[in-house]
Amino acid sequence: MRLRNLKTKEQVLKDSLYVIEEYTEDTFPSRQPLHVEIGMGKGQFLIQQAKEHPEINYLGIEKFDNVLARAVLKIPEGIPNLRVLRADAKDLASYLPKRVERIYLNFSDPWPKKHHSKRRLTSSSFFPVYEAISEKDVEIHFKTDNRPLFEFSLLSFQHGGFHFEDVSCDLHTRDRIRR
């Protein structure tokens, strides 16, 4: 996702109540199930989920300050169950507790070149990270509009020992994968 540089990104991230430097047990006002979106992009999905499900805590992970700042600017006030963290997905085990119940991978970068396949969030190289942040079997909701990434991901999850609850080529259904 390419965005124009936001000159005030550092100030936006510094001033926002939603941006956290690290996850702690006090990150959210109440202990509820924790759902994480990795690569939250502009934040629309996560904001909507947090509004519709106040009984769940949502944490958005984004690697790039510019993208994260633009997402933060869209968060309306008064959503206590939403926080965002600037982090790289490969390092999540060092940032998050072992209590994530659901991971969302929505329209992740497909990294189309074969030699970049380990960078894909559905690559087996990320499975240990997903296991490290989950107490039990983690539920992964994966959506993409990139057919080669979809096919790669199905094979990757299958070889990784995950099982599929719902799989659809209809982009607007909810795909769930469990291990």
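Shown above is the structure to which this text applies.
Residues numbered from 1 in each chain as written. Predicted model: local features only at pLDDT ≥ 70, side-chain atom pairs only at ≥ 80, totals over all residues. Heavy atoms only, no water.

**Here we look at the overall build of the protein chain**
Counting its regular elements, the protein chain contains six helices and eight strands. Counted from the first residue to the last, the protein chain has its helices and strands arranged as α-β-β-α-β-α-β-α-β-α-β-α-β-β. Its C-alpha atoms give the protein chain a radius of gyration of 16 Å, within 12% of the compact-globule value 16 Å for 179 residues. Projected onto the principal axes, the alpha-carbon positions of the protein chain cover approximately 45 × 35 × 30 Å. Evaluated residue by residue, the protein chain yields a buried proportion of 47% over its 179 residues. In the protein chain, the share of contacts with a sequence separation of at least 24, taken over all contacts with a separation of at least 6, comes to 71%. Roughly 10,100 Å² of accessible area belongs to the protein chain as shown, and the carbon and sulfur atoms make up 50% of that amount. Where the 29 positive side-chain charges of the protein chain centre and where its 26 negative ones centre are 6 Å apart. (Helix = DSSP H or I, 4+ residues; strand = E, 2+ residues; numbered from the N terminus. Rg over C-alpha atoms; globule rule 2.2 N^0.38 Å. Buried < 20%, exposed > 50% of the residue type's maximum accessible area, 1.4 Å probe, protein only. Contact = heavy atoms within 4.5 Å. Areas by Shrake-Rupley, 256 points an atom, 1.4 Å probe, with all protein chains shown as cover. Lys, Arg positive; Asp, Glu negative; His and termini not counted. Charge placed at Lys NZ, Arg CZ, Asp CG, Glu CD.)

**Overview of the pattern of salt bridges**
One side chain can pair with another of opposite charge once the charged atoms of both are near each other. What the rule picks out here adds up to six salt bridges. Residue Glu 25 is joined to Arg 31 by a salt bridge in which the shortest nitrogen-to-oxygen separation is 2.8 Å. Using a relative accessible area of 58% as the deciding quantity, one classes Arg 31 as exposed. Salt-bridge contacts for Arg 86 lead to Asp 65; the nearest nitrogen and oxygen are separated by 2.6 Å. Taken together, the positions of Arg 86 in strand S4 (residues 82-86) and Asp 65 in helix H3 (residues 65-74) put the pair 21 residues apart, joining distant regions of the chain. Owing to a relative accessible area of 45%, Arg 86 belongs among the partly exposed residues under this scheme. Overall, the relative accessible area of 26% leaves Asp 65 in the partly exposed class. Members of the salt-bridge network, linked through shared partners, are Lys 63, Asp 88 and Lys 90. (Salt bridge = Lys/Arg side-chain N within 4 Å of Asp/Glu carboxyl O.)

**As for the nonpolar core**
Among the nonpolar cores identified, the biggest contains 29 residues, and Ile 38, Leu 59, Leu 92, Ile 103 and Tyr 130 are the most heavily contacted of them. Other than its neighbours up to four places away in sequence, Tyr 130 contacts Ile 38, Ile 103, Leu 105, Leu 121, Val 138 and Ile 140. (Core = buried A, V, L, I, M, F, W, Y, C linked by side-chain atoms within 4.5 Å.)

**A few points about H3**
Taken as a whole, H3 has its buried residues at Asn 66, Val 67, Leu 68, Ala 69, Ala 71 and Val 72. The elements touched by buried residues of H3 are helix H1 (9-15), strand S1 (19-20), helix H2 (44-52), strand S3 (57-62) and S4.

**Brief notes about the pairing of strand S6 (residues 139-143)**
Along S6, four of the five residues are buried, which leaves the element largely enclosed by surrounding structure. With helix H5 (residues 127-132) bridging strand S5 (residues 100-106) and its parallel neighbour S6, the resulting β-α-β unit is right-handed. (Right-handed = clockwise from strand over helix to strand, strands pointing away.)

**A few points about unusual backbone geometry**
The backbone phi angle of Phe 107 is positive, close to 55 degrees, even though this residue is not glycine. Its place among the elements puts Phe 107 in the loop between S5 and H5. Non-glycine residue Trp 111 carries a positive phi angle of around 40 degrees. Here Trp 111 is to be found in the loop between S5 and H5.

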